[in-house]
Amino acid sequence: VLIRGGAALETAGGIDTVVFDKTGTLTAGRPEITGLRPVDGVSGEQLLRQAAAVERGSEHPVGITIVSRADAAGLDVPEASDFEAVTGRGVRATVEGRSVLVGSRAWLLGQGIDLLALEEATAVDERVRSTVYVATDGRAAGAIDIADPVKPTAQDAIEELQSAGLQVHLLSGDSEAVVRAVGETLGIEHVEAGVLPGDKAARVAALQDAGRSVAMVGDGINDAPALAQADVGIAIGTGTDVAMEASDITLVGGDPRLVGSAVRASRGTLRVIRENLGWAFGYNVLLIPVAMGVLYPFFGIRLDPILAAAAMAFSSVSVVLNSLRLRRMSVLPGDRKHW
């Protein structure tokens, strides 16, 4: 857990809400293609070849998966031109003189593409996978089914935060069915799907306006505005450099349980700071009046300068010894003993 500075360490201890992105944060971020569904007259290889040509210019995990699958199949992927990424929706480019769109259902429908035949097949098992649609020259070319498994440690991470009294939210640009399925699997009550990158920052701001202290956890370029908006931005270290630059805390290993570790470290440190202040002020409040002779008229008690110096030294020693207790505090992922 890398913490950018003292302010981030202090703020993390006071959060009461944690907002998670889905892809690459609670899921593995390494999607796998589970099926190719070309329309009549288009082969699976043609569908994959066209999609890969467009996705060569994309840094999104889904795009990288499509390109990797095409390379593994030994396909001759052509060069694309006029590449354009539409944030949170998809990508478009010109491939061999033809306009190719690769993206979400909502985006392609908005471009006037008829997806009726493909949607009927998608509805069968939409809860266990996402679907990317491909269109060529204004007509549907097919769909690519992609699954992104939940990280094995994600459920433990969510349970730990909830048991510590934190409210957990899940925001994703993915389809309603897929995001709801992930939320149900992990036990997250507050789930919102189809959220565009710019809207994630707005959702975080809305929680802040409602009086919540919010930590945002994400890994991609799309999450950067929300990471910057949150009281504490927490970036998954396996994500993009932009996300890490916009964050206050970086989880190097990518384990979502490290969110709990960061909050525990903050709360433990703040607790020790308060105890240290108590010790320091306690000594001064008790012994300064005695050194001034307040007790002398009544009891004849004076504070010898040597004893005063010893008491002051012991005050410093006690603060240091109390701080060293932090060495015994575990911030290992999933260790709930030190909340």
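None of these values were measured; they are calculated from a predicted model.

**Some remarks on the packing of aromatic side chains**
Counted under the stated rule, the structure contains one aromatic pair. Relative to Phe299, the ring of Phe298 lies with its centre 6.5 Å away and its plane at 55°, an arrangement referred to as tilted. Residue classification places Phe298 among the exposed residues on the basis of a relative accessible area of 66%.

**Thoughts on the sheet that holds strand E7 (residues 130-136)**
The strand order across the open sheet formed by six strands is E3-E8-E7-E6-E5-E4, and the pairing between neighbours is antiparallel. Because the sheet does not close on itself, it has two edges, and the strands there are strand E3 (32-38) and strand E4 (80-86). Within this sheet the neighbouring strands show an average axis-to-axis angle of 15°, counted without direction. Where strand E6 (residues 98-103) lies against E7, four bridges are found, and the strand directions are antiparallel. Along E7, the bridge assignment pairs Val102 with Val134. Strands E3, E7 and strand E8 (139-147) of the sheet are contacted by helix H3 (residues 61-72), whose axis makes an angle of about 75° with E3.

**Observations concerning the environment of Met216**
Mapped onto the elements of the fold, Met216 is located in strand E11 (residues 214-218). Exposure remark for Met216: the relative accessible area of 0% places this residue in the buried category. Residues Met216 and Asp174, 42 residues apart in the sequence, show an inter-C-alpha distance of 18 Å. With residues up to four places along the chain from it excluded, the contact list for Met216 reads Val19, Asp21, Val204, Asp223, Ala226, Leu227, Ala230, Val232, Gly233 and Ile234.

**Some points on helix H7 (residues 176-186)**
Think of an α-helix as 3.6 residues a turn; residues three or four steps apart then line up on the same face. Along H7, the positions that sit buried rather than exposed are Ala177, Val178, Val179, Ala181, Val182, Gly183 and Leu186. Residues of H7 that are buried make contact with E7, helix H6 (154-163), strand E9 (167-171) and strand E10 (190-192). At the exit of H7 stands Gly187, carrying a positive phi of roughly 75°.

**Remarks on the sheet that holds strand E12 (residues 232-236)**
Spatial strand order, E1-E13-E12-E11-E2-E9-E10: seven strands in an open sheet with mixed pairing. Each having just a single partner strand, strand E1 (2-3) and E10 make up the two edges of the open sheet. Contacts from H7 reach E9 and E10 within the one sheet, and its direction differs from that of E10 by about 160°.

**Observations regarding the confidence of the model for the protein**
When pLDDT is averaged along the protein, the result is 86, and 94% of the positions lie at 70 or above. By mean pLDDT, helix H5 (residues 116-122) is the weakest element of the protein at 68, and strand E2 (residues 17-20) is the strongest at 97. The low-confidence segment residues 123-128, where pLDDT is below 50, has seven contacts with residues more than four positions distant or belonging to other chains.

**So, the nonpolar core**
Residues Val18, Phe20, Leu26, Leu170, Ile188, Ile234 and Val259 are the most contacted members of the largest nonpolar core, which totals 28 residues. Broken down by secondary-structure element, the contributors of at least two residues to this core are E2, H6, E9, H7, E11, E12, strand E13 (249-251) and helix H11 (258-291). Counting residues in hydrophobic clusters, the runner-up holds 22 residues, among them Ile33, Val62, Val77 and Ile144.

**Details of the side chain of Asp174**
Residue placement: Asp174 occurs in the loop between E9 and H7. Side-chain polar atoms of Asp174 contact the side chain of Lys22, separated by 3.2 Å. For Asp174, the contacting residues outside a window of four places in its chain are Lys22, Ser130, Val179, Ala193 and Gly194.

**So, the packing of H11 against helix H13 (residues 305-323)**
For any two helices packed against each other, one specifies the crossing angle of their axes together with the interaxial distance. For the pair H11 and H13, interaxial distance at closest approach is 9 Å and the crossing angle is 170°. Judged by the angle between their axes, H11 and H13 are roughly antiparallel. In the packing of H11 onto H13, the handedness of the crossing is right-handed. Where H11 approaches H13, its residues Val272, Glu275, Asn276, Trp279, Ala280, Tyr283 and Leu287 are matched on the opposing element by Ala311, Phe314, Ser315, Ser318, Val319, Asn322 and Ser323. Along the lines of polarity and charge, the residues of the contact of H11 with H13 split into eight nonpolar, five polar and one charged.

**Here we look at a nonpolar patch on the surface**
A surface patch of nonpolar side chains, about 460 Å² in accessible area, is lined by Phe314, Val317, Val320, Leu321 and Leu324. Along the chain, Phe314 turns up in helix H13. Look at Phe314 and you get partly exposed, because its relative accessible area is 46%.

**Remarks on the pairing of E8**
With seven of nine residues buried, E8 is to be regarded as a mostly interior element. Of the pairings in the sheet, the one linking E3 to E8 comprises six bridges and is antiparallel in character. Bridge assignment links Arg37 to a residue of E8, and that residue is Ala143. For E7 and E8, the ladder comprises seven bridges, and the chain directions are antiparallel. Its bridge partner being in E8, Thr131 is matched across the sheet by Asp145.

The rules behind each value
- Residues numbered from 1 in each chain as written.
- Predicted model: local features only at pLDDT ≥ 70, side-chain atom pairs only at ≥ 80, totals over all residues.
- Heavy atoms only, no water.
- Phe/Tyr/Trp six-rings, centres within 6.5 Å; stacked < 30°, edge-to-face > 60°.
- Buried < 20%, exposed > 50% of the residue type's maximum accessible area, 1.4 Å probe, protein only.
- Pairing = 2+ DSSP bridges.
- Helix = DSSP H or I, 4+ residues; strand = E, 2+ residues; numbered from the N terminus.
- Axes fitted to C-alpha atoms, helices over the stretch in contact; angles between N-to-C directions.
- Contact = heavy atoms within 4.5 Å.
- pLDDT = per-residue confidence, 0-100.
- Core = buried A, V, L, I, M, F, W, Y, C linked by side-chain atoms within 4.5 Å.
- Polar contact = N/O pair within 3.5 Å; in protein donor to acceptor, adjacent residues only side chain to side chain.
- Parallel < 35°, antiparallel > 145°, perpendicular 65-115°, else oblique.
- Left-handed = near helix turned anticlockwise from the far one by under 90°.
- Nonpolar A, V, L, I, M, F, W, Y, C, P; charged D, E, K, R; others polar.
- Patch = residues over 30% accessible without salt bridge, like charges linked within 9 Å, V, L, I, M, F, W, Y side chains within 5 Å.
- Areas by Shrake-Rupley, 256 points an atom, 1.4 Å probe, with all protein chains shown as cover.
- Salt bridge = Lys/Arg side-chain N within 4 Å of Asp/Glu carboxyl O.

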